[in-house]
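# Chain and residue survey
Spelled out, the chains give:
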Amino acid sequence: QVQLVESGGGLVQAGGSLRLSCAASGHTFSNYAMGWFRQAPGKEREFVATINPFGSYTNYADSVKGRFTISRDNAKNTVYLQMNSLKPEDTAVYYCAVARSWTIVVPTTTTQYNYWGQGTQVTVSS
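Below you will find a few notes about this structure. (Residues numbered from 1 in each chain as written. Predicted model: local features only at pLDDT ≥ 70, side-chain atom pairs only at ≥ 80, totals over all residues. Heavy atoms only, no water.)

### Description of the overall build of the chain
Within the chain, the regular secondary structure consists of 0 helices and 11 strands. Sequence-ordered secondary structure for the chain, helices as α and strands as β, is β-β-β-β-β-β-β-β-β-β-β. Compactness check: the chain gives a C-alpha radius of gyration of 13 Å against a globular reference of 14 Å for 126 residues, within 12% of the reference. Taking the principal axes of the C-alpha coordinates as reference, the chain spans close to 40 × 30 × 25 Å. Buried positions account for 43% of the 126 residues belonging to the chain. Partitioning the intrachain contacts of the chain with sequence separation of at least 6 by distance along the chain shows that 58% fall at a separation of at least 24. In the form shown here, the chain has an accessible surface area of approximately 6300 Å², with 47% of it arising from carbon and sulfur atoms. With 10 positive and 7 negative side-chain charges, the chain shows a spacing of 4 Å between the two charge centroids. (Helix = DSSP H or I, 4+ residues; strand = E, 2+ residues; numbered from the N terminus. Rg over C-alpha atoms; globule rule 2.2 N^0.38 Å. Buried < 20%, exposed > 50% of the residue type's maximum accessible area, 1.4 Å probe, protein only. Contact = heavy atoms within 4.5 Å. Areas by Shrake-Rupley, 256 points an atom, 1.4 Å probe, with all protein chains shown as cover. Lys, Arg positive; Asp, Glu negative; His and termini not counted. Charge placed at Lys NZ, Arg CZ, Asp CG, Glu CD.)

Following this line, the structure appears as structure tokens:
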């Protein structure tokens, strides 16, 4: 059974940093792209960042480019999201996910993922 468990969320002031972690189990983690999404109240879940299986290629939403960094440690079955220069508009529940297929190299839409974590709340105060 595939399980993804996010951690590292919390309350931070604008301009601060947080590092999210997502530990995966029950899956051949290293063969698939991984991603982070977020969902704010009343809004649809949106793409934040993705990383290919080898960790050699990343892609980011324009809204987080230059502030967030996605990385992975396949030996630990863990993917990370380092978030710097946080803004109030970054407030959301953050989810990690595993790509639906090893053939999807840069998955940026929710339908390209089939396993999701339970989410971790990030709140940025102004």
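So, next bit.
### Digging into the nonpolar core
Of all hydrophobic cores here, the largest spans 33 residues; its most connected members are Trp 36, Val 79, Leu 81, Met 83 and Tyr 94. If you list the elements that add at least two residues to this core, you get strand S3 (18–25), strand S4 (34–39), strand S5 (46–51), strand S7 (68–73), strand S8 (78–83), strand S9 (92–99) and strand S11 (120–125). It is S9 that contributes the most residues to this core, 5 residues altogether. Filtering out sequence-adjacent residues up to four positions away, Met 83 remains in contact with Gly 16, Ser 17, Leu 18, Leu 20, Arg 67, Phe 68, Tyr 94 and Val 122. (Core = buried A, V, L, I, M, F, W, Y, C linked by side-chain atoms within 4.5 Å.)

### Quick notes on the sheet that holds strand S1 (residues 3–7)
Taking strand neighbours across the sheet as the criterion, the 4 strands line up as S1-S3-S8-S7 in an open arrangement whose pairing is antiparallel. Each edge of the open sheet is held by one strand with a lone partner, namely S1 and S7. Here the average twist between neighbouring strands, direction ignored, is 15°. In this sheet, S3 lies alongside S1 in antiparallel orientation, the contact comprising 5 bridges. Across the sheet, residue Leu 4 finds its bridge partner in S3, namely Ala 24. (Pairing = 2+ DSSP bridges. Axes fitted to C-alpha atoms, helices over the stretch in contact; angles between N-to-C directions.)

### Structural notes on the pattern of salt bridges
Inspection of the entire model under this criterion finds 4 salt bridges. Two residues, Glu 46 and Arg 38, come together in a salt bridge whose shortest N-O distance is 2.6 Å. Taking the relative accessible area as the measure of exposure, Glu 46 reaches 35% and is therefore partly exposed. Salt bridges sharing common partners tie together Arg 38, Glu 46, Arg 67 and Asp 90. (Salt bridge = Lys/Arg side-chain N within 4 Å of Asp/Glu carboxyl O.)

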